[in-house]
Amino acid sequence: MKLFNFWGGVHPAGQKHLSADQPIQVLPMPARLHVPLQQHTGRSAVPVVKVGQIVRKGELLGRAQGGVSASVHAPTSGVVAAIGDFAAPHVSGLPLPTITLESDGEDLWLEREPPPDPFTLEPEDIAARIGEAGIVGMGGANFPAALKLGKARQAKVHTLAVNGAECEPYMTCDDRLMRERAEQIVDGVRLMLHALQAPNAVIAIEDNKPEAVARMKAACQSERQMRVAMVPSRYPAGSAKQLIQILTGLETPAGGRGTDTGVLVHNVGTAYAVHRALRHAHPLISRIVTVTGGAVARPQNLEAPIGALVEDLLAFCGGVAETPARLLMGGPMMGQPLPGTQVPIVKGTNGILALTAAEARLEATPSPCIRCGRCVEACPMGLMPLEMSKRARHDDLDGALDFGLIDCISCGSCAYACPSRIPLVQYFEYAKGALETRQRAEQKAKETRRLLEQRQARLAREERAKAEAAARRRAEKRQAKAKAGAAA
Amino acid sequence: MSVHLPSAPHAHASDSVPRIMGLVLLAVAPATLYGIVLFGWPALNLFLVTILTCLLGEAVCLRLAGRAVRPFLLDGSALLTGVLLALSLPPWAPWWIGAIGGFFAIVVGKQVFGGIGQNLFNPAMLARVALLVSFPVEMTLWLEPRPPFSGAAPGFLEGLAITFGGIPDIDAVSGATILGHVRTELGMARELGQILPGHYGAGTAALGWTGGSLGETSDLLILIGGLWLLWRRVFTWHVPVALLATVLVLAAGFNWLNPERFAGPAVHLLSGGLMLGAFFIATDPVTSPTTKLGQLIFGAGCGVLVYVIRTWGGYPEGVAFAVVLMNAATPLIDHYVRPRIYGRTWRGQSRPVPERARRPPAGSGGTE
């Protein structure tokens with residue numbers, strides 16, 4: 001099929017060979033799992049279990065609440081040991097409400113009715129089951145998948161783009177999943193197409209993964225609706241906006257949705273999770289995690305239960321050979337630093353990356369911008385990062401906005417390319433935060449003004465009512481007096 | 001385990017500012033060596049004086065500003081400024097031309113603006129312009145090539161005497177560059193058909209066996225260095241190609257209109273500092289626009305100014321003036337010439353997807 005180009009981008013060293021050739025290993029069930037109630041965009045799930053309660057594998061632990069939310073389930077059988085705060089896999093290390101599960105070592109599934117043939121179900125029911133299984137975007141977006149499917153069906157998308165690009169260096173979890181479980185992914189895609197009522201699916205894979213391409217091609221050979229597209233290996237080809245551009249030549253309108261182009265992007269891992277949910281009634285309780293980096297003794301991909309600690313995963317991979325200079329959740333381009341190894345993996349964790357100082361090129365320190373324009377060249381969004389950062393640094397939010405701050409996707413291509421090692425993304429994140437604060441303050445001021453005006457109006461109304469009442473009373477009195485006078 | 005908590009990305013390209021400066025220095029080395037060989041010991045003396053004063057000026061300014069001296073001194077930018085300035089000077093200019101130029105370039109051209117990355121003008125060209133305006137005699141002292149061991153070449157001590165004491169018999173050595181010669185002769189109402197033969201050969205001009213600034217004579221070596229930098233992706237083709245193409249088109253056009261009055265493209269492209277300017281001066285990232293379109297405009301603007309100054313201006317050569325003038329226009333170009341943002345129109349509005357474009361990708365499953 002015809003492919004289009006996307007703007008900018010960079011070619012970081014792939015480093016996928018570290019983990020790409022080892023088959024997926026199942027992580028032995030840790031004794032304790034820490035399942036955060038918030039692993040997704042939107043509102044936190046509400047716990048439906050009590051401390052001390054015995055749960056089976058797959059049993060509901062926390063129920064989705066409100067419009068945008070996702071349920072969480074027990075990754076194994078055991079006892080609810082605690083419901084309380086536990087360090088989140090976030091740079092801050094701030095605690096999040098988390099259910100701690102003590103494994104009983106039995107790993108017994110909750111008894112369930114065998115699921116019906118999904119193709120006899122209505123599209124809405126498919127989406128509902130995907131929602132019940134707690135499936136969120138597995139590529140790192142963490143948006144509840146059922147909602148995304150429902151919205152896309154309303155938007156009448158014609159194509160489901162299945163994202164197997166995996167453009168982040170080091171990450172190979174999607175690669176391994178496609179190589180080892182291609183049929184299940186294809187089945188998940190078929191089910192998602194049914195839920196979407198869309199005619200086409202394109203499975204997009206970067207051309208640095210020839211085995212995955214071959215396996216996926218073989219798996220969807222008899223599927224008339226599906227095609228495999230080899231996309232060029234250039235970061236960030238796997239970003240939804242850029243992938244849409246590659247496949248259709250169209251751009252997601254600013255402030256709009258990807259579905260405005262008629263394309264919905266979902267990760268291959270999500271397709272696999274959909275297959276598990278609809279064919280086996282298995283909620284999303286485990287995922288493939290790439291554990292890699294120069295500091296890891298035996299880099300490989302693990303199928304790990306949600307809630308397993310980073311420590312558990314690293315230990316299974318032989319631990320760290322040297323103290324990592326960087327410990328990240330995710331790839332080196334967009335991954336978040338972890339506060340330590342005592343944090344759980346979540347539904348959106350595609351990798352644990354332990355980089356050595358040499359890999360992270362820590363020796364260089366930021367120096368002044370020489371305006372070389374490499375950031376402008378690298379930006380896939382057509383922005384001028386050097387101008388934006390200059391303004392963000394001086395708290396000139398309007399200036400940064402004028403240069404497209406809100407269009408920045410934080411892909412890090414600019415900072416990767418910068419020879420002066422300026423932490424551009426950090427400036428943009430700071431400015432985006434400041435912008436949010438400002439918008440909140442503006443909203444608050446507006447709300448205060450509205451309330452004040454309402455109060456003034458009310459007071460005026462009361463004043464007027466009082467005056468009218470007083471006038472009425474006076475008039476009545478006068479009338480009564482007049483009447484009395486007349487009577488006399 | 002203690003780890004740093006910095007922000008993404010955690011991978012970086014291997015490029016660094018010292019590396020970029022180093023590559024440019026390497027690329028300009030052949031032309032530099034050639035120039036020094038061509039004009040002998042005085043050229044080497046001037047070259048050394050110029051770069052040393054640049055480094056000294058940088059160190060003094062950094063110290064005065066209370067900034068770290070070592071990292072900035074070692075980033076190669078002051079060295080490169082010195083080299084480029086030296087290359088643009090008359091090879092036998094006295095030492096104080098190099099010294100004043102070097103100090104001016106670094107102090108006024110660069111550090112006054114705030115150091116590396118902050119300067120509005122290319123420091124080397126700003127200094128060259130200041131020198132040319134202030135010391136027109138010393139700055140237009142051209143001589144024929146006289147490589148070492150040829151009869152006319154000065155020895156080491158003679159070279160020192162020339163650089164630090166002055167040229168004993170200026171009239172005996174000085175000549176005119178081809179551009180200067182053409183200007184003078186045209187001023188005397190002669191025609192190019194009579195002026196050029198005997199003075200200009202495209203071959204010798206390209207190889208650089210001719211009078212001129214220290215490092216501008218060999219177009220071939222400069223071209224090789226420039227192409228190498230293009231290949232190494234130190235800069236892109238936009239500025240040099242726009243600059244050279246503009247001069248080529250203008251020269252060819254006017255030459256076609258009146259060949260006796262306007263020199264042809266070969267004379268323009270292969271003379272003076274054009275090649276050096278196109279590949280090593282106008283491509284200075286700090287003082288040129290950051291967008292590709294902006295760079296095309298900048299390059300073309302330089303080209304127009306070079307041609308206009310050479311043809312109608314008060315000086316026979318105009319590369320330094322052209323670059324400095326276009327440097328001044330760079331902030332304006334960068335303000336107005338921006339890339340289109342993804343998902344937005346050129347005016348910045350959200351760009352809707354046309355209804356007819358909303359169709360399955362060509363050749364995808366369902367359409368077969």
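Rules used throughout
- Residues numbered from 1 in each chain as written.
- Chains lettered and ligands numbered in written order.
- Predicted model: local features only at pLDDT ≥ 70, side-chain atom pairs only at ≥ 80, totals over all residues.
- Heavy atoms only, no water.
- Helix = DSSP H or I, 4+ residues; strand = E, 2+ residues; numbered from the N terminus.
- Buried < 20%, exposed > 50% of the residue type's maximum accessible area, 1.4 Å probe, protein only.
- Contact = heavy atoms within 4.5 Å.
- Areas by Shrake-Rupley, 256 points an atom, 1.4 Å probe, with all protein chains shown as cover.
- Domains from an automatic or database assignment.
- Buried area = accessible area lost by both parts, 1.4 Å probe.
- Salt bridge = Lys/Arg side-chain N within 4 Å of Asp/Glu carboxyl O.
- Polar contact = N/O pair within 3.5 Å; in protein donor to acceptor, adjacent residues only side chain to side chain.
- Nonpolar A, V, L, I, M, F, W, Y, C, P; charged D, E, K, R; others polar.
- Phe/Tyr/Trp six-rings, centres within 6.5 Å; stacked < 30°, edge-to-face > 60°.
- Pairing = 2+ DSSP bridges.
- 1 Å grid on protein atoms, 1.4 Å probe; cavity = no way out; pocket = protein on both sides within 12 Å on 5 of 7 lines; lining within 4 Å.
- Points joined across faces, edges and corners; volume = space filled by probe spheres on them.
- Expected span 1.5 Å × (residues − 1).
- Patch = residues over 30% accessible without salt bridge, like charges linked within 9 Å, V, L, I, M, F, W, Y side chains within 5 Å.
- Core = buried A, V, L, I, M, F, W, Y, C linked by side-chain atoms within 4.5 Å.

Before going further, it helps to spend a moment on the overall build of chain A. Helices and strands together make up the secondary structure of chain A, namely 15 helices and 17 strands. The C-alpha extent of chain A, read off along each of the three principal axes, is 115 × 65 × 50 Å. The buried share of chain A, taken over its 488 residues, is 53%. For chain A, the proportion of contacts with a sequence separation of at least 24, taken over those separated by at least 6, is 73%. As displayed, chain A has an accessible area near 20500 Å², and 52% of this comes from carbon and sulfur atoms.

Moving on, we get to the domain arrangement of chain A. Residues and elements named next belong to chain A. Each assigned domain of chain A is listed with its residue range as follows: domain 1 (16-26 + 117-287) and domain 2 (366-488). At the interface, six residues of domain 1 touch six residues of domain 2. When the two sides are added together, the surface that domain 1 and domain 2 hide from each other amounts to roughly 440 Å², 58% of it contributed by carbon and sulfur. Our enumeration of links across domain 1 and domain 2 arrives at zero salt bridges. Counting across the domain 1 and domain 2 interface gives two residue pairs in polar contact (both at pLDDT 80 or more). Across the side of domain 1 that touches domain 2, the residue classes break down as three nonpolar, two polar and one charged.

This brings us to the environment of Pro94 of chain B. Residue and element names in this part refer to chain B. Among the structural elements, Pro94 can be located in the loop between helix H3 (77-87) and helix H4 (95-108). Residue Pro94 is classed as buried on the basis of its relative accessible area of 15%. In contact with Pro94, other than residues within four places in its own chain, are Leu46, Glu138 and Thr163.

Size of an interface, as often reported, equals the accessible area lost when the parts are brought together. Each partner contributes residues to the interface: chain A has 76 residues there, and chain B has 57 residues. The partner of Arg338 of chain B in a salt bridge is Asp402 of chain A, and the shortest N-O contact between them spans 3.2 Å. Breaking the side of chain A that touches chain B down by element, the ones donating at least two residues are strand E10 (200-206), helix H7 (240-248), strand E15 (326-329), helix H10 (357-360), helix H11 (374-378), helix H12 (385-393), helix H14 (413-417) and helix H15 (424-487) of chain A. In terms of residue count, the dominant contributor to the side of chain A that touches chain B is H7 of chain A (four residues). Along the lines of polarity and charge, the residues of the side of chain A that touches chain B split into 39 nonpolar, 20 polar and 17 charged.

A few words on the packing of aromatic side chains. Working definition: an aromatic ring pair is given by the centre-to-centre distance plus the angle between the planes. Residues and elements named next belong to chain B. Tallying each qualifying case throughout the model produces eleven aromatic pairs over all chains. Seen from their ring centres, Trp96 and Phe135 are 5.1 Å apart, and the 75° between their planes marks the pair as edge-to-face. Here Phe135 lies in the loop between helix H5 (123-134) and strand E1 (142-143) and Trp96 lies in helix H4, a separation of 39 residues in the sequence. Under the relative-accessibility criterion, Trp96 is labelled partly exposed at 26%.

The next subject is the sheet that holds strand E8 (residues 95-103) of chain A. Residues and elements named next belong to chain A. The four strands lie next to each other as E2-E8-E7-E4, forming an open sheet whose pairing is antiparallel. Each of the sheet's edge strands pairs with one partner strand only, and the pair in question is strand E2 (32-36) and strand E4 (54-55). The sheet contact formed by E4 and strand E7 (residues 78-87) spans two bridges and is antiparallel. The partner of Val55 across the bridge, within E7, is Gly78.

What follows is about empty space enclosed by the protein. Any empty space left between atoms is shown by rolling a water-sized probe over those atoms. All names here are of chain A. Applying the stated rule across the entire model yields one cavity of 30 Å³ or more. The wall of the largest cavity is formed by 14 residues, among which Cys379, Cys408, Ser410, Cys411 and Cys414 lie closest to the centre. Listing elements by their share of the lining of the largest cavity, those giving two or more residues are H12 and H14.

As a further point, take the pairing of strand E12 (residues 263-267) of chain A. Residue and element names in this part refer to chain A. For E12, the tally of buried residues reaches five of five residues, placing the bulk of the element in the interior. Bridge count between strand E9 (residues 159-164) and E12: five bridges; the pairing is parallel. Bridging across to E12, Ala161 finds its partner in Val265.

Let us look at helix H15 (residues 292-312) of chain B. The first and last C-alpha atoms of H15 of chain B sit 30 Å apart over 21 residues, in line with the 30 Å expected at 1.5 Å per residue. For H15 of chain B, the elements touching its buried residues are helix H8 (178-187), helix H12 (238-257), helix H13 (265-269), helix H14 (274-281) and helix H16 (319-336) of chain B.

All names here are of chain A. This model, assessed by the stated rule, comprises 33 salt bridges over all chains. Notably, a salt bridge pairs Arg179 with Glu211, separated by 3.8 Å at the nearest N-O pair. Linking Arg179 in helix H4 (residues 173-180) with Glu211 in helix H6 (residues 210-219), this pair joins segments that are 32 residues apart in sequence. Measuring nitrogen to oxygen at the nearest pair gives 2.9 Å for the salt bridge that ties Glu303 to Arg181. Separated by 122 residues along the polypeptide, Glu303 in strand E14 (residues 300-305) and Arg181 in the loop between H4 and helix H5 (182-196) bring together distant segments of the chain. Classification of Glu303 as buried rests on a relative accessible area of 16%.

Here the focus is the layout of surface pockets. Quantified by volume, the second largest pocket comes out at close to 1100 Å³. If you trace the second largest pocket, you find 50 residues lining it, with Arg374 of chain A together with Asp15, Ile20, Arg233 and Val234 of chain B closest to the centre. Put simply, the parts of the chain that give the lining of the second largest pocket at least two residues each are H11 and H14 of chain A together with helix H1 (17-65), H3, H5, helix H11 (219-231), H14 and H15 of chain B. Here the lining of the second largest pocket is composed, by residue class, of 26 nonpolar, 13 polar and eleven charged.

Once that is clear, we can look at unusual backbone geometry. Residue and element names in this part refer to chain A. Of note, the bond from Tyr235 into Pro236 is cis; its omega dihedral lies within 30 degrees of zero at -5°. Structurally, the position occupied by Pro236 is in the loop between strand E11 (226-231) and H7. One non-glycine residue with positive phi stands out, namely Ala281, at about 55°. With respect to the helices, strands and loops of the structure, Ala281 is situated in the loop between helix H8 (268-280) and strand E13 (286-292). Overall, the relative accessible area of 17% leaves Ala281 in the buried class. Positive phi values are uncommon outside glycine, yet Asp395 reaches one of about 60°.

Residue and element names in this part refer to chain B. Judged by side-chain polarity, Leu56, Val60, Leu64 and Phe103 come together as a nonpolar surface patch covering roughly 390 Å² of accessible area. Element by element, the count of residues in the nonpolar patch is highest for H1, at three residues. Among the secondary structure elements, Leu56 is positioned in helix H1.

Looking now at the nonpolar core. Judged by nonpolar contacts, the single largest core of 77 residues is most densely connected at Leu229, Leu274 and Phe280 of chain B. Ranked by residues supplied to this core, first place goes to H1 of chain B with 17 residues. Not counting residues up to four positions away in its chain, the partners in contact with Leu229 of chain B are Leu23, Val24, Ala27, Val234, Phe235 and Phe280 of chain B. Among the nonpolar cores identified, the runner-up in size contains 47 residues, and Ile126, Ile185, Val189 and Ala219 of chain A belong to it.

The end-to-end C-alpha distance of H1 of chain B, which contains 49 residues, comes to just 21 Å, noticeably less than the 72 Å that a straight helix rising 1.5 Å per residue would cover. Directly beyond the C-terminal end of H1 of chain B, a positive phi value near 70° is found at Gly66 of chain B.

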